[in-house]
Amino acid sequence: MITAAIIGIILLYILSGAYKGFLWSVYVLGASIISCALAFALMGPISSAIRNNEYIYNSMLSYTEGAESIYDVELRKVPIDEISDDELEEVMERSDLVFPLRDSVYKNITLKRFESEGIVTLGDYFNESLVRVIINIASFIIVYLVLRVISTFIICWADYTFNFKKIRKADFALGGAIGLLRGMLGLAVIFMFVPILLTILNFDSIRDMVEGNTLAAFFHNSNLLLMLIPGK
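Reference entry: report on the structure contained in this document.

Basis of the calculations
- Residues numbered from 1 in each chain as written.
- Predicted model: local features only at pLDDT ≥ 70, side-chain atom pairs only at ≥ 80, totals over all residues.
- Heavy atoms only, no water.
- Buried < 20%, exposed > 50% of the residue type's maximum accessible area, 1.4 Å probe, protein only.
- Helix = DSSP H or I, 4+ residues; strand = E, 2+ residues; numbered from the N terminus.
- Arc of directions from axis to C-beta.
- Contact = heavy atoms within 4.5 Å.
- Polar contact = N/O pair within 3.5 Å; in protein donor to acceptor, adjacent residues only side chain to side chain.
- Expected span 1.5 Å × (residues − 1).
- Bend = angle between axes of the 7 residues up to and from the residue.
- Phe/Tyr/Trp six-rings, centres within 6.5 Å; stacked < 30°, edge-to-face > 60°.
- Lys NZ or Arg CZ within 6 Å of the ring centre and 35° of its normal.

## Digging into helix H3 (residues 54–64)
- Buried within H3 we find Tyr-57, Met-60 and Thr-64. Along the long axis of H3, the arc covered by the buried residues comes to 65°, so they all point the same way. Along H3, exposed side chains directed more than 90 degrees from the buried face belong to Glu-54, Tyr-55 and Tyr-63.
- Structurally, H3 contributes buried residues whose contacts are with helix H2 (22–52), helix H6 (122–162) and helix H8 (193–200).
- With a side-chain oxygen lying 3.2 Å from the backbone nitrogen of Tyr-55, the N-terminal cap of H3 falls on Asn-53.
- The first or second residue beyond H3 is Glu-65, which carries a positive phi of 45°.

## Observations concerning H2
- Between its terminal C-alpha atoms H2 stretches 44 Å, which fits the 45 Å expected from 31 residues at 1.5 Å a residue.
- The largest bend along H2 reaches roughly 40° and is located at Leu-42, with the proline Pro-45 sitting one to four residues downstream.
- The set of residues buried in H2 consists of Trp-24, Ser-25, Val-28, Leu-29, Ala-31, Ser-32, Ser-35, Cys-36, Ala-39, Met-43, Ser-47 and Ile-50.
- Of the surrounding elements, those touching the buried residues of H2 are helix H1 (2–20), H3, H6, helix H7 (171–190) and helix H11 (224–227).

## Considerations on the packing of aromatic side chains
- Across all of its chains, the model carries 5 aromatic pairs by this definition.
- With 4.6 Å between their ring centres and 50° between their planes, Phe-40 and Phe-140 make a pair best called tilted. Here the residue Phe-40 occupies a position in helix H2, and Phe-140 occupies one in helix H6, the gap between them amounting to 100 residues.
- Measuring from centroid to centroid gives 6.1 Å for Phe-140 and Tyr-144, while their planes differ by 5°, and the two rings are stacked. One end of the pair, Phe-140, and the other, Tyr-144, are both in helix H6, 4 residues apart, so they sit about a helical turn from each other. With respect to burial, Phe-140 and Tyr-144 carry one shared label: buried.
- Across from the ring centre of Tyr-71, 3.8 Å away, lies the NZ or CZ of Arg-94, which sits over that ring.

Encoded structure:
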């Protein structure tokens, strides 16, 4: 089912590009790339605003429950300075965190990124790391979607007003090829929701559905956008 949905989305992008033509597809792809760049640039201020809202921040802390991923309840209370490398490796190995959450937690602990904020225990590092990554992902998605809606409206208006010219011989094929690239980027954005869903809705069935599907696992675990999300 997931495979069919992914292939269906890609085909829709390809057909859309082939129908609308090369120039329209290039403009939309360019708008998507620019929206991604601006989303990364504006993600920091948006994330800070969310963290500064005590109600929203505390609500997200309760939903993410990062410390619950630590197998030993007693270890949650131990300062990270007192945890050996082997213990940390075991904790990370046995945690049920998905990409990129596990990597972010591990980096934050090894680099002691929150020490200046008075965060010292392993449990608090898990809690703080998870909620910050989730907030960063959510901030990116919000900014990206808003910018894409605006840019799509502008491009459609320009196409209607100026009627983008089409390349006579290769417009259909080139438009479809650009549509494929748009589809890949669109799926990368869609799969940014996966860490949020698997953290808040921690159901084994959903996790198995994503991790057990080759295409879904690829767009999740090899997602460049998720790789670029900061963990602090």
